[in-house]
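Notes for the structure review
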Amino acid sequence: MKIVVIGGTGLIGSKVVEKLKSKGHDAIAAAPNTGVNTITGEGLPEALHGAQIVVDVSNSPSFEDKAAMDFFQTSSKNLAAAETAAGVKHHVALSVVGTDRLQTSGYFRAKQAQEDKIRRSPIPYTLLHATQFFEFLRGIAQSGTEGNTVRLSHSLFQPMAAEDVATAVAHAALAPPVNRTVEIAGPETFHLDELVGKVLAHDKDPRKVVADPDALYYGTRLTDKSLVPDAGAQLGTTTFDWWLTHVPPPPKR
């Protein structure tokens, strides 16, 4: 099958494309740097021509409230129109566990708007809600940094490896649409501040992580239920300890 992966050159998208190609499918990495832009519409009709499935793992380049809302609303509208014109049979989208519980955050309001557009679209869909990726833990540390201190919530979360996310996305793309949300998560539950502290210690980063009940996560306060999936979530197999010792950190810019 021809499967178009929007955001197909990013962390998750590149892995999804690779997994789909390994199963013999014509997987197309669609992104601005490959000539496909879901905001302007450039290259979108041509990329979707003959495609049976579209996978959207793209993300807003900005977490600022208005910029994120504009990105997800415009991209979703353009994708739905192009998919309808092309006769696409299945739309798979990646979103975040707890999106509906984090609506004081402008970014998560934008993700909710994206999900609402997918549900209203005539295209059959599968919506995957993933927990935070291990690969984003260093970014979470940066978001809470004040000098040499990292202030983070002590709330629970159940992060997962990007490789496991990509496996779940590729599996959903090759399965029939379910027209509902499916949650995916890591095999272990941790406290946010403590796990980020372990990553920084492994990196020999001198910053000190402090549990702060007032610390915000992308503009919103967390509870122990904010970032964890409901019972019945599909669980990845990669443990945090294995990931930390086997997956190298990204090169510093």
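Since this is a predicted model, take the numbers as computed values, not measurements.

The helix and strand inventory of the protein stands at 8 helices and 12 strands. Taken over the C-alpha trace, the protein has a radius of gyration of 18 Å; the compact-globule value for 253 residues is 18 Å, and the two agree within 12%. Considering only C-alpha atoms, the protein reaches an extent of 50 × 40 × 35 Å along its principal axes. Here the protein, with 253 residues, has 50% of them falling under the buried criterion. Carbon and sulfur atoms form 54% of the exposed surface of the protein, whose accessible area is close to 12000 Å². Averaging the positions of the 25 positive and the 27 negative side-chain charges in the protein gives two centres separated by 2 Å.

Another aspect to go through is the pattern of salt bridges. Under the counting rule described, the total for this entry stands at 10 salt bridges. The closest approach of N and O atoms between aspartate 65 and arginine 109, which form a salt bridge, is 3.6 Å. Residue aspartate 65 is located in helix 3 (residues 65-86), and its partner arginine 109 is located in helix 4 (residues 106-120); the two are separated by 44 residues in the primary sequence. Among the residues examined, arginine 109 registers a relative accessible area of 34% and is labelled partly exposed.

Let us look at the side chain of aspartate 56. Looking at where aspartate 56 falls in the secondary structure, it is placed in strand 3 (residues 53-56). Buried charge without a partner: aspartate 56 forms no salt bridge, and the closest opposite charge is lysine 111, 7.0 Å away. Reaching out from aspartate 56, the side chain makes a polar contact with the side chain of glutamine 114 at a distance of 3.5 Å. In contact with aspartate 56, other than residues within four places in its own chain, are Ile6, Leu79, His91, Val92, Ala93, Leu94 and Gln114.

Criteria and cut-off values
Each chain has its residues counted from 1, following the order in which its sequence is written. The model is predicted, so local features are restricted to residues of pLDDT at least 70 and side-chain atom pairs to those at 80 or more, both for listing and for counting; the totals for chains, interfaces and linings are taken over all residues. Side-chain measures here rest on the full set of heavy atoms in the structure, leaving out hydrogens and waters. Think of it this way: any DSSP run of H or I at least four residues long counts as a helix, any run of E at least two long counts as a strand, and we number them from the N terminus. In this description the radius of gyration comes from C-alpha coordinates, and the expected globular size is given by 2.2 Å times residues to the power 0.38. Type-normalised accessible area, obtained with a 1.4 Å probe on protein chains alone, sets the label of each residue: buried when under 20%, exposed when over 50%, and partly exposed for intermediate values. Per-residue and other accessible areas were derived by the Shrake-Rupley procedure at a 1.4 Å probe size, with only the shown protein chains allowed to occlude residues. We count Lys and Arg on the positive side and Asp and Glu on the negative side, and we leave His and both chain ends out. A charge is said to be at NZ when it belongs to Lys, at CZ for Arg, at CG for Asp and at CD for Glu. A side-chain nitrogen of Lys or Arg and a carboxyl oxygen of Asp or Glu constitute a salt bridge if their distance falls within 4 Å. In protein, a polar contact requires one atom able to donate a hydrogen and another able to accept it; more generally it is a pair of N or O atoms within 3.5 Å, and residues adjacent in sequence count only if both atoms are side-chain atoms. Two residues qualify as a contact provided that any one of their heavy atoms is within 4.5 Å of a heavy atom in the partner residue.

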